[in-house]
Amino acid sequence: MKDYLEIGKIVTVHGLRGDVKVQPWCDSPEFLCAFPVLYLGKEKKEVEVLDARVQKNMAILRLDGYETVEQAETLRNQMLYLHREDVELEEGTYFVQDLIGLDVLDADSGVSYGTLKDVLQTGANDVYVVQPEGGKEVLIPAIPDVVVETDLEAGCMKIRPLEGLLDAN
């Protein structure tokens, strides 16, 4: 498992104080604004967040060491990361990056439906995109009625598909 997880991308400078506008790659801009320390770029350079606020669907951050427009401009298109240990997830919730690549198995027969390739956030509930070997993608609703168990250690997710869900394939 990765220690550092992508949380957002710096897209532009905001204002004259060196603030940056960040496109969140996480649940919400509010979630992104909750961290006092983030990690910058490929080197994962630790950077203190001096100020954080939400504007529309973006996060506006003031980062320590970047007090001018010129300094902030050097951050454009850089990724921001959080450290896994800085987040306490509720039971039954997972980082998308940890789910990608899981083998999706039938909870009763053990038959493999394929590999979890993506997670679509639809609003009501997430949808898992599962790629069977040699077949076309299957969409699985990420709801308790379907997802029986997620075992990151074993690298698998056990599901019990709703009637008719996989019949089209």
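Look up a bit, the structure's there.
Residues numbered from 1 in each chain as written. Predicted model: local features only at pLDDT ≥ 70, side-chain atom pairs only at ≥ 80, totals over all residues. Heavy atoms only, no water.

Some remarks on the pattern of salt bridges
- A full pass over the atoms with the stated rule returns eight salt bridges.
- Linking Asp-19 and Arg-53 is a salt bridge whose minimum nitrogen-to-oxygen distance equals 3.3 Å. You can see Asp-19 sitting in strand E2 (residues 19-24) and its partner Arg-53 sitting in strand E4 (residues 45-55), a full 34 residues away along the chain.
- Residues Lys-158 and Glu-149 are paired through a salt bridge, measuring 3.9 Å at the closest nitrogen-oxygen approach.
- The class for Lys-158 is partly exposed, based on a relative accessible area of 29%.
- Its relative accessible area of 34% is what places Glu-149 among the partly exposed residues.
- A single salt-bridge network, built from bridges that share partners, covers Arg-17, Asp-19, Asp-51, Arg-53 and Arg-62. (Salt bridge = Lys/Arg side-chain N within 4 Å of Asp/Glu carboxyl O. Helix = DSSP H or I, 4+ residues; strand = E, 2+ residues; numbered from the N terminus. Buried < 20%, exposed > 50% of the residue type's maximum accessible area, 1.4 Å probe, protein only.)

Details of the pairing of E4
- In the sheet, strand E3 (residues 37-40) pairs with E4 via four bridges, with the strands oriented antiparallel. Along E4, the bridge assignment pairs Leu-40 with Lys-45.
- With antiparallel pairing between neighbouring strands as the criterion, E3 and E4 make up a hairpin whose turn holds four residues, including Gly-41 at a positive phi of roughly 65 degrees.
- By the bridge criterion, six bridges tie E4 to strand E5 (residues 58-63) in an arrangement that is antiparallel. Residue pairing for E5: Arg-53 is matched across the bridge by Ile-60.
- Remark: two residues form the turn of the hairpin made by E4 and E5, two consecutive strands paired antiparallel; Lys-56 in that turn has positive phi of roughly 55 degrees. (Pairing = 2+ DSSP bridges.)

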